[in-house]
Amino acid sequence: MTDSVMSKAATMEIPINSNGDTGALAEDDSLEQAAKLQWSLDEKVGSSRGTRDLQQVMVSGPNLNETSIVSGGYGGAAEGIIPTGSIKGSNMQHSTSSSSMTAEEATRGVAVEKYEAVKKWGLNTYKCTKQMISERFGRGSRTVDLELEAQIEVLRDTKRKYENVLRLAKALTNHFYNMVQTQHALGDTFADLSQKSPELRDEFGYNAETQKLLCKNGETLLGAINFFVSSINTLVNKTMEDTLWTIRMYENARLEFDAYRSDLEELSLGPRDAVTMARIDAAQEQYQVHKEKYERLRSDVIIKLKFLEENKVKVMHKQLLLFHNAISAYFAGNQQQLEQTLKQFNIKLRPPGADKPSWLEEQ
């Protein structure tokens, strides 16, 4: 309505009288009234709209999560408004995806390493098994060191014999311990009977003293035998076993060396195309690695066998002398020599009841 009135007022011809004044027409009054009415209506509508906007801002306030970044000038197109919430969400999604990709790559790397290790182990096991079967059936050749293998066989035989000595020495210790306990009980019984049998007091007393003396000497001999058993056990189950463990490592290295040597010889007899030459180069590299490992372990075995022999002679010389002197002194009834033998080899006897835990340890 306002547009029609204003357009009509703009296009209407205004008559001018002879004096240059506008004519007082009824139509001019109607136009003036219409303009005043339109101005008052626009003012009311504008004030009411501004009041509502101000109330809304006062009640809700600005939403920082929905703050917008406007690209372009004032009154630009709606496509230029970018919500900041969408930027934050996209950044979080990007960081989450990056961390998940990093974890996935790390997992994939570990899986690849395990696969390569299993593959290498399987190939090595296959080659060694093939070489072992070939040797068993006499179809494959093996590297032989006659002198070293003879020394290894002597060591294994010596270990078996020393294990038998250790077994018998432990049996002697158990039997002698039971005999000493029996003598101790018998001496207590004789001493008790000497108090209760006045007519045989002297006889029971002599036997009680004799059994107590034998029991004391037996405990001293047990200390010497226990030291002998402990030293033999260390020599057999630690020193010799350590050398035999190195020998087993050497034998495994010898088997791997022969397996890769046979593989290289088979490839060398085949055609010499590009693929075969690449395989020959790889086999030559593996052959060299296992050859170095075999020679290193062979040197270790030779050194350990030498030191083991020296140590064995030294230990057994001392222990056999101890065993002989202690047994001789005990059965000769020479208590002073028996005690001197223990002092000579720095053997300290534990007092009776030392094996039992104290009352504080039992709590």
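Residues numbered from 1 in each chain as written. Predicted model: local features only at pLDDT ≥ 70, side-chain atom pairs only at ≥ 80, totals over all residues. Heavy atoms only, no water.

As annotated in an unreviewed UniProt entry, the protein chain carries the name AH domain-containing protein and is attributed to Poecilia mexicana.

### Some words on the confidence of the model for the protein chain
Note the cut-off: pLDDT gives the predictor's per-residue confidence on a scale running from 0 to 100. By definition in these notes, contact holds between two residues if any of their heavy atoms fall within 4.5 Å.
When pLDDT is averaged along the protein chain, the result is 76, and 69% of the positions lie at 70 or above. Within the model, pLDDT remains below 50 along residues 44–48, and this stretch shows 0 contacts once partners closer than five positions in the same chain are excluded. Overall, residues 357–363 carries pLDDT values under 50, and its contacts beyond four positions in sequence, including any with other chains, amount to 1 contact.

### Digging into the pattern of salt bridges
What counts is decided by this rule: One side-chain nitrogen of Lys or Arg within 4 Å of one carboxyl oxygen of Asp or Glu is enough to make a salt bridge. For helices the rule is a DSSP run of H or I covering at least 4 residues; for strands it is a run of E covering at least 2, with both sets numbered from the N terminus onward. Exposed residues in this analysis have more than 50% of their type's maximum accessible area, buried residues have under 20%, and partly exposed residues fall in between, with area computed by a 1.4 Å probe over protein chains only.
In the structure shown here, the tally under the stated rule is 15 salt bridges. With its nearest N and O atoms 3.3 Å apart, the salt bridge here joins aspartate 157 to lysine 161. Here aspartate 157 and its partner lysine 161 are both found in helix H4 (residues 146–196), 4 residues apart, which amounts to about one turn of the helix. Note on aspartate 157: relative accessible area 29%, which makes it partly exposed. Overlapping salt bridges, with partners in common, bring together Lys159, Glu163, Glu241 and Arg248 in one network.

### Here we look at the nonpolar core
Put simply, the rule reads: Note on terminology: a nonpolar core comprises buried Ala, Val, Leu, Ile, Met, Phe, Trp, Tyr and Cys residues joined through side-chain atoms within 4.5 Å.
With 43 residues, the main nonpolar core has Ile152, Leu155, Ile247, Tyr250, Val301 and Leu305 as its most contacted residues. Here the element with the most residues in this core is helix H5 (residues 201–268); it accounts for 18 residues.

### Some points on the packing of H5 against helix H7 (residues 335–344)
We count it as follows: All axes here are fitted lines through C-alpha atoms, helices being fitted over the stretch that makes contact, and every angle between N-to-C directions spans 0 to 180 degrees. Throughout this description, any angle smaller than 35 degrees is read as roughly parallel, any larger than 145 degrees as roughly antiparallel, any in the 65 to 115 degree range as roughly perpendicular, and the remainder as oblique. Handedness of a crossing is defined here by the sense of rotation of the near helix relative to the far one, left-handed for an anticlockwise turn of less than a right angle and right-handed for a clockwise turn. When residue character is reported, Ala, Val, Leu, Ile, Met, Phe, Trp, Tyr, Cys and Pro are called nonpolar, Asp, Glu, Lys and Arg charged, and the others, Gly included, polar.
Closest axis-to-axis distance for the H5/H7 pair is 10 Å, and the angle between their directions is 25°. Judged by the angle between their axes, H5 and H7 are roughly parallel. In terms of crossing hand, the pair formed by H5 and H7 is left-handed. Across from Leu213, Lys216, Asn217, Thr220, Leu221 and Ala224 in H5, the residues of H7 making contact are Gln335, Leu338, Glu339 and Leu342. For the contact of H5 with H7, a count of residues per class yields 5 nonpolar, 3 polar and 2 charged.

### Quick notes on the UniProt feature "coiled-coil region" (unreviewed entry) in the protein chain
Inclusion rule: UniProt positions are given in the numbering used here, feature names are shortened, and annotations may be inferred rather than shown by experiment.
Here the UniProt feature "coiled-coil region" (unreviewed entry) sits at residues 280–311. Across residues 280–311, the secondary structure splits into 100% helix and 0% strand, with the terminal C-alpha atoms separated by 46 Å.

### Concerning unusual backbone geometry
For asparagine 346, which is not glycine, the phi dihedral falls at a positive 55°. Its place among the elements puts asparagine 346 in the loop between H7 and helix H8 (359–362).

### Observations concerning the side chain of threonine 276
Along the chain, the position of threonine 276 falls in helix H6 (residues 274–331). Here threonine 276 falls in the buried class, since its relative accessible area comes to 14%. Among residues more than four places away in sequence, those in contact with threonine 276 are Leu267 and Pro271.

### Description of H5
Operational definition: What a helix should span is 1.5 Å times the count of its residues minus one. Bend at a residue means the angle formed by two fitted axes: the first through the 7 residues ending at that position, the second through the 7 residues beginning there.
Look at H5: 97 Å from first C-alpha to last across 68 residues, which is about the 100 Å you get at 1.5 Å a residue. In H5, a bend of some 35° at glutamate 241 exceeds every other bend along the element.

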